[in-house]
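Spelled out, the chains give:
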Amino acid sequence: MKHLIKYKKPLLCLGSYMLLSFSLYGQNPQGTDSIANNSIDLASKVNKEIDLGFQTEKNSQVVGAVSSIVPDQFLKYDNTQWVRDALNGRITGLKYSDNIRGLGGAMIVVDGIPGRSIDLLNMEEIQEITVLKDANATALYGSMGKNGVIVVKTKRGSAKTEFNVSASTGFKTAISMPNYLGSAEYMQFYNEARANDGLSQTFSDNQIANHASGVNPFRYPDVDLYSSDYFGSLATYSNVIGDFSGAKDDTKYYINFGFKSDETLQSFGDNDKGTKRFNIRGNIDFRINNWIKSSLDAIAIIEVNKSSLTNLYDAGRTFRPDLYAPLLPINLIDTANNPNLIGVLEAANKFNGFILGGNQSFNSNVPIASVLAGGRQTSMSRISQVNNSIDFDLSSITEGLSAKTYLSFDFYNRYNLTVNNNFAIYQPTWSNENLITNLENVGDTDLKQLEQNVETNIFTIRYGFFGMLNYEKKLNENHAFKASLLGFTNSTHTKSVTQSDKNTHAGLSLNYTLNNRFLFDLNTSYLHSVKLAEGNRGKLAPTLGFGYILSEEPSLKNISWLNYLKLRSSVGVIYSDLGVPGYFLYDEFYQQNAGNYKWGDQYGTGFQNGYTKIERGQNYDLGMERRTDFNVGFEGLFFNKLWVEANVFRSVLDEQATLASTVFPEYYNTFRPYSNFNADKRSGFELGINYSDKFGDLGMDIGARVLYTASERTKVDEVYDDEYQYRKGTSIDAYWGLKSLGFFGVDDFDTDGSLKDGIPVPEFGAVQPGDLKYKDINNDGVVNAQDEVVIGRWDAPWTFGSDIKLSYKSFTLFTLLTAQVGSDGIKSDSYYQPQGGDKYSEVVRDRWTEATASTATFPRLSSLENTNNHGRTSDFWLYDASNFKIERIQLTFDFPKQLVSDLNMQDFSIYASGANLLMFSKTKDIQQLSLSSSPSYRYYSLGLRAKF
């Protein structure tokens, strides 16, 4: 019963998903009149060829845990062009966009090339995306397959000439903007903070009244950099993608090109133009002779972002509203009584009747002046990728023998072109009549530069090669055998990085099928790592898989509702050096001038010399990390309409590289080498369901997915005084912190300001009423780091996804839903924890005072650094990050077939869509507020798709 209560919320969420999925399509007692097209797609999944990266295989013959999607089956009704958006919530076992079963970021493989980025692709150019989840499925990727693999296959040419175009335009709006206090309110609270610290007030009542009145906002400013003065209510974007394919003689070609324009919400000044991106891809397949064919792929991407030198969204977090007026109106400058100001005005930069304002004390904090007069920058990314494959049909040597080579070259370059101008800013002197009687330049001399400065931020070259030898043999109707031998290497060279990243391994795959229903898989790799010492660089990683297609059993073949059912199980090991945090860590490391000693005949006299000190010991046995993986599951098609796939899994990642201390004596501290010690375990289950059917004019295609992941730290290098502090046995993603007991009250202190007897004393600084009070876990009378316990977890153990497509005649409505349950967040930013001279946000309105002691949700204010309240992880700052989202909705209209035919088209549709639409969560205000370089956006668009 206790366990049921623990999982009540996730199970209710899962139940809601299933109820939503199945209640929409209760069976018609009179039967259906036809099967939807998408139910045919479900049936085709069984024998569909799946791209596994280095290999292709029929889905029914795959033993490993694998899930795939085909964009052409849904892109018309869910026209998202960002691959990450398309993956989120759509694939069983995938968390978010690239995290498989909670293991971390997966390796991305594009057209057989590991290490490429899905962010460089648009959905239109993708033929298929396959997620490889267990060790058996990822074995041939060696070290890179540690966290699973996402395989992306781009489109190829076809014998039939086709041309497609997709175009959309729309606008985005900020979901939420930071809400900081205005000048007068900030001043009042800051004076309160000073009083709490026993200090005199900074702002007089008269100053506060003047700022509050708005009588002269230039003399008594109230600056909000997030207001409509600096940010527009919306920004537009557009996206056009076209592709065409065809063939001539023995050559097939596919060409994809796209243009994207994305404006910025920052609307102040003339330099913020937003981002423009152009991409082109060409995939060519051709035959050299009757036993050799080849392909050549080339991709080029240019992305340009034009902006000011200052991001106002960032600057607004620190620019206090009362500092100074960033713009001074020329009409308030009293040149009649102060003729010397005429020359100042003539020399000053002018902007729509204003000059740049400033303050001597804050002359380095000038965001508005920087935007208007500081210059501009152009950030440019240039990416090119080329790969060539050659396929050899070696059946003349022996039947079923073939070979393949693949060579790739990637080039990534990002640089900034900047123009940095000098500019003057003026601090005004005001008269009693609220006129400016003097202007003091507290900045620089106005000077526009004529040349651009070039700074290369990223320069990376990557080479990759693999070769494969394949053999396939079928012995009568009962026995089939496949074997593949792989050799792979790649190297990535990055500017300013001395050591290149290298991956090299060999792989072997052996597959045997008995009676078309018993499947045996042996996939293994032999890895080589340059991060390890000579003699310890190689490792063999075997995996074994078994599949059983029950639906091929003669006794089950005639069951009408059972179209396909396969059981699968796998076990295996993956070794990886990705977790080894550097090169040459196996060697000892010495540091010079780490200290000094006296050199002379008498102690304390003579010369001083530095000495050499060992910082890290030697361990030539340092090895790779090991992932031991187990998976059991099934997939099946029922009633030719219902597809179900499920897996139970467990992964243990041990032999993790760390500077372990517990295996050495205490005095051995500086001699410690890196060694393999820590271990983590992840386990859980995944379930995916898709149902497709049609009832008259109403078509339905509904999917639901759930993933549950649990984690545990099973071996940890740690020493603590108290048993409860040991990380072993706790979740990998656990938050460790203090348990909050609310606020100290007035009654907790004696008249001299000291804590009363029996109240634990915090070691984080002096406290007073209104400060946070923490639980003394070990009852030693003090509160310190020894009282930290598990207070939450940052990763959601339960994730859900559901896609619902309802079609009626020419209209189709698509909805994508996602949910995460069980995760927490920490309000750690200065927006939520302002202290000292930080700018105050709306959260301080609920600060503690004696009058608000019973309702306060924020500690007392302090103008000094308060290490007891802030910068201290505790559950006081914890919030529940569980949420349910309506990610996307799209309504599509398909034009009548006759009209489309009359226009010489094969297909034509228009649509209206929205993305990132709604979040349901009791903490959505926190989750939807971005405190990085830009707000979170909600998108609305109109578009069309045409096929010729």
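From a predicted model like this one, the values you see are computed outputs, not experimental measurements.

S.K.: Just to check I follow, could you spell out the overall build of the protein chain for this structure?
M.R.: The helix and strand tally for the protein chain stands at twelve helices and 47 strands. A compact globule built from 948 residues would reach a C-alpha radius of gyration of about 30 Å, and the protein chain, at 33 Å, matches this within 12%. By its C-alpha atoms, the protein chain is 100 × 85 × 65 Å across when sized along the principal axes. Across the 948 residues in the protein chain, those meeting the buried criterion constitute 51%. The contacts in the protein chain between residues at least 6 apart in sequence include a share of 72% that link residues at least 24 apart. Surface accessibility of the protein chain: about 43900 Å² in total, with carbon and sulfur atoms responsible for 53%.

S.K.: I tried to follow helix α7 (residues 205–213) on my own but got confused; where do I start?
M.R.: Listed in full, the buried residues belonging to α7 are Ile208, Asn210 and His211. The arc that holds the buried residues of α7, viewed along the axis, is 160°, so those residues lie on one side. Facing away from the buried side of α7, by more than 90 degrees, are the exposed residues Asp205, Asn206 and Ala212. Looking at the packing, one finds that the buried side of α7 touches α6 (183–196). Directly beyond the C-terminal end of α7, a positive phi value near 70° is found at Gly214.

S.K.: What is the right way to read the packing of aromatic side chains from this model?
M.R.: Each aromatic ring pair is summarised here by two numbers: the centre-to-centre distance and the angle between the ring planes. Counting across every chain of the model gives 48 aromatic pairs. Seen in terms of ring centroids, Trp561 and Phe639 are 6.3 Å apart; in terms of plane orientation they differ by 35°. Their pairing is tilted. Of the two residues, Trp561 sits in the loop between β25 (538–549) and β26 (562–576) while Phe639 sits in the loop between β31 (625–638) and β32 (642–658), which places them 78 residues apart along the sequence. Residue Phe639 is classed as exposed on the basis of its relative accessible area, which comes to 52%. Ring pairing ties together the aromatic residues Tyr180, Tyr226, Phe231, Tyr313, Tyr831 and Tyr832, which thus form one cluster. Positioned above the aromatic ring of Tyr180 is the side chain of Lys839, whose terminal nitrogen or guanidinium carbon lies 4.4 Å from the ring centre.

S.K.: I would appreciate a short explanation of the packing of α6 against α7 in the present structure.
M.R.: Direction vectors running N to C along α6 and α7 enclose 155°, while the axes themselves pass 8 Å from each other. Classified by the angle their axes make, α6 and α7 are roughly antiparallel. In this structure, α6 contributes Ser183, Ala184, Met187, Gln188 and Asn191 to the contact, and α7 contributes Gln207, Ile208, His211 and Ala212. In terms of residue class, the contact of α6 with α7 is built from four nonpolar, five polar and no charged.

S.K.: I tried to follow the confidence of the model for the protein chain on my own but got confused; where do I start?
M.R.: When pLDDT drops low, the exact placement of atoms in the prediction is not to be read closely. Here the protein chain shows a mean pLDDT of 91. Residues at 70 or above account for 93%. Segment residues 1–40 is flagged for pLDDT under 50; beyond a separation of four residues in sequence, or across chains, it makes 63 contacts in the model.

S.K.: Where do I start with the pattern of salt bridges in this structure?
M.R.: In a structure, side chains of opposite charge can pair up when their charged atoms sit close to one another. Under the counting rule described, the total for this entry stands at 44 salt bridges. Among the salt bridges present, the one from Asp410 reaches Arg116, with a minimum N-O distance of 2.7 Å. Residue Asp410 is located in strand β18 (residues 401–420), and its partner Arg116 is located in the loop between β7 (113–114) and β8 (126–132); the two are separated by 294 residues in the primary sequence. A salt bridge links Asp629 to Arg627; its shortest N-O distance comes to 2.9 Å. Given a relative accessible area of 3%, Arg627 falls into the buried group. Each member of the salt-bridge network shares a partner with another, and the members are Lys76, Asp894 and Asp907.

S.K.: Honestly, the side chain of Ser913 in this entry has me stumped. Any pointers?
M.R.: Relative to the helices and strands, Ser913 is located in strand β46 (residues 907–920). Leaving out residues up to four positions away in the same chain, Ser913 has contacts with Ile889, Gln890, Tyr939, Tyr940 and Ser941.

S.K.: Explain the nonpolar core here, please?
M.R.: The nonpolar side chains of soluble globular proteins are, as a tendency, buried together. Counting residues in hydrophobic clusters, the biggest one holds 58 residues, and the most contacted among them are Tyr230, Leu356, Tyr840 and Val844. Residue assignment for this core shows that the elements contributing at least two residues are α6, α8 (312–315), α10 (367–373) and β38 (772–774). Here the element with the most residues in this core is α6; it accounts for six residues. Once residues within four sequence positions are removed from consideration, Val844 is found in contact with Leu181, Phe189, Pro834, Phe858 and Leu861.

S.K.: Just checking my understanding: could you explain the pairing of strand β13 (residues 274–287) for this structure?
M.R.: Within a regular strand, the side chains alternate between the two sheet faces. Here strand β12 (residues 251–262) pairs with β13 via twelve bridges, running antiparallel. Bridge pairing links Phe257 to Ile280 in β13. In terms of strand pairing, β13 meets strand β14 (residues 292–307) through 14 bridges, oriented antiparallel. What sits directly across from Phe278, in β14, is Ile302.

S.K.: In this structure, what is going on with empty space enclosed by the protein? I would like to understand it.
M.R.: To find leftover empty space, one rolls a probe the size of a water molecule over the atoms. In this structure the tally under the stated criterion is four cavities of 30 Å³ or more. Put simply, the second largest cavity is a space of about 120 Å³. Lining the second largest cavity are 16 residues, with Gly89, Leu94, Thr799, Phe800 and Gly801 positioned closest to its centre. Mapped onto the lining of the second largest cavity, the elements with two or more residues apiece are β4 (94–95), β34 (698–715), β41 (798–808) and β42 (811–821). Considered class by class, the residues forming the lining of the second largest cavity number six nonpolar, eight polar and two charged.

S.K.: Just checking my understanding: could you explain the sheet that holds strand β3 (residues 66–69) for this structure?
M.R.: Picture the strands of a sheet paired through backbone hydrogen bonds; they go either parallel or antiparallel. Read from one edge of the open sheet, five strands run β3-β8-β9-β6-β7, paired in mixed fashion. In the strand order of this sheet, the two ends are held by β3 and β7, each with one partner. Two strands pair when backbone bridges link them, and strand β6 (residues 107–110) and strand β9 (residues 149–154) are joined in this way by four bridges, in the parallel orientation. Of the residues in β9, the one forming a bridge with Val110 is Val152.

S.K.: How should I be thinking about unusual backbone geometry in this particular structure?
M.R.: Trans peptide bonds make up the majority, and among non-glycine residues the majority have a negative phi. For Asn640, which is not glycine, the phi torsion reads 60° and is therefore positive. Take Asn640: it is sitting in the loop between β31 and β32. Within the chain, Asn904 stands out as a residue other than glycine whose phi angle is a positive 60°. Among the structural elements, Asn904 can be located in the loop between α11 (897–902) and β46.

S.K.: What should I look at first to understand the pairing of β6 in this one?
M.R.: Burial along β6 is two-sided: the residues Met107 and Val109 and Ile108 and Val110 are all buried. Counting the residues that bridge the hairpin from β6 to β7 gives two residues, and of these Asp111 lies at a positive phi of roughly 50°.

S.K.: Would you explain the environment of Lys566 in this entry?
M.R.: Locating Lys566 in the fold gives a position in strand β26. The class of Lys566 is buried, set by a relative accessible area of 1%. Between the alpha carbons of Lys566 and Ser551 there is a distance of 7.2 Å; along the sequence they are 15 residues apart. In this structure Lys566 touches Asn59, Ser60, Gln61, Val62, Leu519, Tyr548, Ile549, Gly633, Phe634 and Glu635, once residues within four positions along its chain are discounted. There is a polar contact of 3.0 Å between the side chain of Lys566 and the backbone oxygen of Asn59.

S.K.: In this structure, what is going on with the environment of Arg938? I would like to understand it.
M.R.: Looking at where Arg938 falls in the secondary structure, it is placed in strand β47 (residues 937–947). Here the alpha-carbon distance between Arg938 and Phe411, two residues 527 residues apart in the chain, equals 33 Å. Residues contacting Arg938, with those up to four places away along its chain left out, are Phe171, Lys172, Thr173, Ile175, Ala915, Asn916, Leu917 and Gln928. Within the structure, the side chain of Arg938 is placed 3.3 Å from the backbone oxygen of Asn916, a separation counted as a polar contact.

Cut-off values and rules
Residues numbered from 1 in each chain as written. Predicted model: local features only at pLDDT ≥ 70, side-chain atom pairs only at ≥ 80, totals over all residues. Heavy atoms only, no water. Helix = DSSP H or I, 4+ residues; strand = E, 2+ residues; numbered from the N terminus. Rg over C-alpha atoms; globule rule 2.2 N^0.38 Å. Buried < 20%, exposed > 50% of the residue type's maximum accessible area, 1.4 Å probe, protein only. Contact = heavy atoms within 4.5 Å. Areas by Shrake-Rupley, 256 points an atom, 1.4 Å probe, with all protein chains shown as cover. Arc of directions from axis to C-beta. Phe/Tyr/Trp six-rings, centres within 6.5 Å; stacked < 30°, edge-to-face > 60°. Lys NZ or Arg CZ within 6 Å of the ring centre and 35° of its normal. Axes fitted to C-alpha atoms, helices over the stretch in contact; angles between N-to-C directions. Parallel < 35°, antiparallel > 145°, perpendicular 65-115°, else oblique. Nonpolar A, V, L, I, M, F, W, Y, C, P; charged D, E, K, R; others polar. pLDDT = per-residue confidence, 0-100. Salt bridge = Lys/Arg side-chain N within 4 Å of Asp/Glu carboxyl O. Core = buried A, V, L, I, M, F, W, Y, C linked by side-chain atoms within 4.5 Å. Pairing = 2+ DSSP bridges. 1 Å grid on protein atoms, 1.4 Å probe; cavity = no way out; pocket = protein on both sides within 12 Å on 5 of 7 lines; lining within 4 Å. Points joined across faces, edges and corners; volume = space filled by probe spheres on them. Polar contact = N/O pair within 3.5 Å; in protein donor to acceptor, adjacent residues only side chain to side chain.

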